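Spelled out from the first residue to the last, the chains are:
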Amino acid sequence: MTNSLQKRRLCILGSTGSIGMNTLDVVRVHPEQFKVVALTAGKQTDRLAEQCIEFKPAIAVLHSVDDAKALSALLEGKGLSTKVLYGQEGLIASVSDSDCDTVMAAIVGAAGLLPTLQAAQLGKRVLLANKEALVMSGDIFMNAAREAGAELLPIDSEHNAIFQCLPPQFMSANSTPKVKELLGVEEIWLTASGGPFRNTPIDNLVNITPDEACAHPNWVMGRKISVDSATMMNKGLEVIEAHWLFDIPLEKIKVLIHPESVVHSMVRYRDGSVMAQLGQPDMRTPIAYGLAWPHRIDARVAPLNLTQLSGLHFMEPDLKRFPCLALAFAAAKQGGTSPTVLNAANEIAVAAFLEGKLPYLKIAHVVEKTLNQLTSQKARSLDDVLEFDRKAREVAAQHIRQG
Ligand code: NAD
Ligand code: MG
């Protein structure tokens, strides 16, 4: 653990996105505790340039070589010595060559897998927002983190809540199954807002536009995760994420719709206790928790005022309304390469929907057809994972073209 004289050295993968910018918001409040040593983005050159000028990282990364050259020239002109890299190799170098001790994994989708895995393999503190990386690679990722002694701290609000509600021994690498059994964890309850279409008549979902799907009632997030929240694929991915992170059997993970998004998730214990974590729907809370763990720092989040809430409601999700959730449950149960295929097909279908090339209700169809076509196999290596990810993208794209 860093002491007060040592600053945490932070690499933010996906610094220009919603989680990335919220992370910088928290860091800005605590300059004495954090030093930003690497920042990465896909295509948002202007925003990354502003961030580099403010935080002066040693390394910055963009997706394309041309954008990287342009950024490099701009930063040189400002007298900065930031090294600007590009592509997957650049992302990996931002983790391995920046002298960081902490990596915020906030790239969206499979593009974040290799640099996040690199962070785990190097034994860094990994703040995991990028759930797709863990869904794709499951035990391969968890074993890498365990072997290298990486501190894996969940940033997804639900998993962060569960992490806070579990006793520390539950997450300890030294805990035997017997010790875990004594801790009496019976179930974990993942809460879900139900998204913008929780009560929309199903027939009205036919002509949903990307902007309507991205208008989340409680959270402001990137467009891909916003669509996943509308279809509830997000909760499906989170069930798989929880299964790996907490090493809990799928049967013990339940989903509850909770429209107010105040209770971020819960743990039910053998003796009848239920532990819940509550807070504003503001990602700066879990981000600050991960950054400072085991300490707590000011996240500039307004205090929760329970007397101003009209009520807290909980209900079972309707799997007919949310077929993506049912598909995720099925893929999770199937195991092997099925979660990789589920995730890849969903990424392709959601991207097509956001580009206006696929109707909203067809997202689930594309995922289902792709899962049916690619029989699950055991994922023995990272190569197996990457191969199934590639195949699933091809198959999903084919289904989209065929309509
Ligand atoms: P976002 O779309 O706002 O940001 C994504 C970031 O990744 C951007 O910096 C973008 O430039 C970068 N990026 C995208 N494609 C890339 C590529 N091919 N190569 C390199 N960089 C690339 O997304 P977000 O909402 O910040 O979500 C990030 C991750 O965190 C997702 O995995 C999401 O599921 C997870 N998450 C987000 C929230 C939230 O509130 N936004 C909550 C929980 C979990
Ligand atoms: Mg979440």
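Placed above this text is the structure.
Quantities reported herein were computed from a predicted structural model and do not represent experimental measurements.

Student: What should I look at first to understand the overall build of the protein chain in this one?
Tutor: Within the protein chain, the regular secondary structure consists of 17 helices and eleven strands. Taking 2.2 N^0.38 as the reference for a compact globule, 403 residues should give roughly 22 Å; the C-alpha atoms of the protein chain span a radius of gyration of 21 Å, in line with that estimate. When burial is assessed residue by residue, the protein chain has 54% of its 403 residues classed as buried. A fraction of 69% describes how many contacts in the protein chain between residues 6 or more apart in sequence connect residues 24 or more apart. Just so you have it, the protein chain exposes about 18,000 Å², and 52% of that area is on carbon and sulfur atoms. Across the protein chain, the mean location of the 40 positive side-chain charges is 1 Å away from that of the 43 negative side-chain charges.

Student: Help me understand the nonpolar core, please; the structure alone is not making it clear to me.
Tutor: Within soluble globular proteins, side chains that are nonpolar tend to cluster in buried spots. Within the largest apolar cluster, 84 residues are counted, with the highest numbers of intra-cluster contacts made by M104, I188 and F246. Residue contributions to this core reach at least three from each of two domains, namely domain 1 (8-154) and domain 2 (155-194 + 232-317). By size, the runner-up hydrophobic cluster in this structure holds 37 residues, among which are I208, A328, F353 and L358.

Student: So what exactly am I meant to see when it comes to the side chain of S226 here?
Tutor: With respect to the helices and strands, S226 occurs in helix 11 (residues 223-231). We classify S226 as buried; its relative accessible area is 2%.

Student: Which parts of the structure should I look at to understand the site of ligand 1?
Tutor: Among the 22 residues in the neighbourhood of ligand 1, the closest are listed as T16, S18, G42, E132 and G222. Take G14: an N or O atom from its main chain is 3.3 Å from an oxygen atom of ligand 1. The contact in question runs from an oxygen atom of ligand 1 to an N or O atom on the backbone of S18, over 2.9 Å. Protein contact buries 86% of the 830 Å² of open area that ligand 1 shows by itself.

Student: Could you clarify how one ought to interpret the side chain of S137 in this entry?
Tutor: The residue S137 is located in helix 6 (residues 131-148) in this model. Taking the relative accessible area as the measure of exposure, S137 reaches 3% and is therefore buried. Excluding anything up to four places from it in sequence, S137 contacts L113 and V385.

Student: Just checking my understanding: could you explain the coordination of the magnesium ion (ligand 2) for this structure?
Tutor: The protein atoms that coordinate the magnesium ion (ligand 2) are D156 (OD), E158 (OE) and E238 (OE), at distances spanning 2.1 to 2.2 Å. What makes D156 buried here is its relative accessible area of 8%.

Student: It is not clear to me how the pattern of salt bridges should be interpreted in this structure. Could you clarify?
Tutor: Within this structure, the stated rule accounts for 26 salt bridges. Note that E181 is salt-bridged to R270, the shortest N-O span being 2.7 Å. With E181 in helix 9 (residues 177-182) and R270 in the loop between strand 10 (263-269) and strand 11 (274-278), this residue pair connects regions lying 89 residues apart in the sequence. We classify E181 as partly exposed; its relative accessible area is 48%.

Student: Could you clarify how one ought to interpret the packing of aromatic side chains in this entry?
Tutor: Centre-to-centre distance and the angle between the planes together describe a pair of aromatic rings. For the structure on display, the rule yields four aromatic pairs. Seen from their ring centres, F197 and Y360 are 5.4 Å apart, and the 80 degrees between their planes marks the pair as edge-to-face. One end of the pair, F197, is in the loop between strand 8 (185-192) and helix 10 (210-214); the other, Y360, is in the loop between helix 15 (338-354) and helix 16 (362-373), and 163 residues separate them in sequence. Of the two residues examined, F197 and Y360, each falls in the buried class. Residues F353 and Y360 carry aromatic rings whose centres are separated by 5.6 Å and whose planes lie at 65 degrees to one another, so their mutual orientation is edge-to-face. Take F353: its relative accessible area is 2%, and that puts it in the buried class. Here Y360 falls in the buried class, since its relative accessible area comes to 7%. Taken together, the ring pairs in this structure connect F163, Y289 and W293 into an aromatic cluster. Over the ring of F170 we find K180; its NZ or CZ atom is 4.6 Å from the centre of that ring.

What counts and how
- Residues numbered from 1 in each chain as written.
- Chains lettered and ligands numbered in written order.
- Predicted model: local features only at pLDDT ≥ 70, side-chain atom pairs only at ≥ 80, totals over all residues.
- Heavy atoms only, no water.
- Helix = DSSP H or I, 4+ residues; strand = E, 2+ residues; numbered from the N terminus.
- Rg over C-alpha atoms; globule rule 2.2 N^0.38 Å.
- Buried < 20%, exposed > 50% of the residue type's maximum accessible area, 1.4 Å probe, protein only.
- Contact = heavy atoms within 4.5 Å.
- Areas by Shrake-Rupley, 256 points an atom, 1.4 Å probe, with all protein chains shown as cover.
- Lys, Arg positive; Asp, Glu negative; His and termini not counted.
- Charge placed at Lys NZ, Arg CZ, Asp CG, Glu CD.
- Core = buried A, V, L, I, M, F, W, Y, C linked by side-chain atoms within 4.5 Å.
- Domains from an automatic or database assignment.
- Near = heavy atom within 4 Å.
- Polar contact = N/O pair within 3.5 Å; in protein donor to acceptor, adjacent residues only side chain to side chain.
- Donors = N, O, S within 2.8 Å, 3.2 Å for Na, K, Ca; no water.
- Salt bridge = Lys/Arg side-chain N within 4 Å of Asp/Glu carboxyl O.
- Phe/Tyr/Trp six-rings, centres within 6.5 Å; stacked < 30°, edge-to-face > 60°.
- Lys NZ or Arg CZ within 6 Å of the ring centre and 35° of its normal.

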